[in-house]
Amino acid sequence: MASPMRNLLASPTRYLQCFRLFLTHSTEHQCMREFIERQLPDVIASIGNKKSTINILSVGGGAGEIDLLILLKVQARYPGVTINNAVIEPSADQISKYKEHVAETSNLENVKFTWHEETSYEYESRMNAEKKSEKWDFIHMIQMLYYVKDVSATIQYFHSLLEAQAKLLIILVSGNSGWATLWKKHGSSFPLDDLCSYISSAEITRMLDSAGLKYQLYELSSQMDITSCFIEGNEDGELLLDFLTETCEFSKTAPPELKRQVIEELRKPECSEKRDGKVLFNNNLSVMVIEP
């Protein structure tokens with residue numbers, strides 16, 4: 001009998017609902033902000049040398065909150081320089097939110113935005129079909145490599161678009177995160193349907209090493225409050241379980257034994273720590289900055 005479990009991405013509305021809840025329950029954006037504040041200035045220190053225009057490509061830009069923080073840092077490093085910021089994002093809803101965020105942000109007069117409502121693979125195919133090969137001074141792929149079919153080929157394609165002084169920045173869950181532990185153990189039981197792959201920085205650094213690419217690695221500490229996941233029938237808990245397992249309505253559709261095992265796994269110290277009566281999931285991230 002076919003399993004009633006469906007991949008979360010098969011329901012874009014529920015996916016976004018889960019994702020937004022995840023952002024409110026985790027320090028995901030806070031730890032990225034800290035990285036942008038402290039480390040990003042060094043990363044972008046040479047991308048715009050002697051240039052009157054800086055070209056930035058955001059692959060999977062989402063609703064743009066993190067993109068705009070990056071742009072403000074690039075502006076601060078290269079005052080008065082024109083910035084072309086192109087965004088690849090398949091969700092019309094996210095692009096619409098991105099445009100709202102741009103409208104609410106001041107001091108973006110020298111930034112020109114273009115949005116491409118497509119996946120990274122569709123972008124690559126279109127560029128190849130049009131025989132275009134635009135070069136970029138900075139490319140970033142933040143939390144999006146789970147959703148591409150061929151991760152290594154995707155990294156190599158975008159890496160090939162870097163200018164001489166450019167950088168490719170990738171952010172992904174860390175190989176020592178609760179995500180990596182949960183996926184290693186139970187990933188094969190979740191409904192992937194070719195829509196996503198359970199990949200962490202551990203796999204990416206192996207790919208970069210075997211391709212002989214030079215990169216720097218930064219580890220970001222992050223947590224997610226998953227206390228509600230242990231309250232039967234709690235709506236927030238059910239949405240967070242969906243997000244953790246990439247499964248639409250996991251609580252209702254997963255076999256009882258799988259659900260029991262996942263809940264048990266989430267309590268273990270390899271995945272979470274208990275603090276002040278809360279269960280905090282290890283949401284650590286890795287940042288990889290790759291040279292041309």
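Note: the structure precedes this text.
Note that this is a predicted model, so its numbers are computed, not measured.

(A) Region of interest: the nonpolar core. Core analysis: the largest hydrophobic core is formed by 94 residues, its most contacted members being L145 and F158. By residue number, the principal contributor to this core is strand β6 (residues 162-173), which donates eight residues. Those residues in contact with F158 that lie beyond four places of it in its chain are L57, V59, I88, S120, Y123, I139 and M141.

(B) Structural detail: the pairing of strand β3 (residues 82-88). With five of seven residues buried, β3 lies mostly within the body of the structure. Two elements, strand β2 (residues 53-59) and β3, share seven bridges in a ladder whose sense is parallel. Bridging across to β3, S58 finds its partner in V87. As paired strands, β3 and strand β4 (residues 111-116) are joined by six bridges and run parallel to one another. Paired with V87 across the bridge in β4 is W115. A crossover links β3 with its parallel partner β4, the connecting element being helix α5 (residues 92-104), and its sense is right-handed.

(C) How the structure looks around the environment of T53. One can find T53 in strand β2. Residue classification places T53 among the partly exposed residues on the basis of a relative accessible area of 28%. Each C-alpha atom, one on T53 and one on N110, is 9.7 Å from the other, the two residues being 57 residues apart in sequence. Apart from residues no more than four positions distant in its own chain, T53 is found in contact with V81, T82, N84 and D137.

The rules behind each value
Residues numbered from 1 in each chain as written. Predicted model: local features only at pLDDT ≥ 70, side-chain atom pairs only at ≥ 80, totals over all residues. Heavy atoms only, no water. Core = buried A, V, L, I, M, F, W, Y, C linked by side-chain atoms within 4.5 Å. Buried < 20%, exposed > 50% of the residue type's maximum accessible area, 1.4 Å probe, protein only. Helix = DSSP H or I, 4+ residues; strand = E, 2+ residues; numbered from the N terminus. Contact = heavy atoms within 4.5 Å. Pairing = 2+ DSSP bridges. Right-handed = clockwise from strand over helix to strand, strands pointing away.

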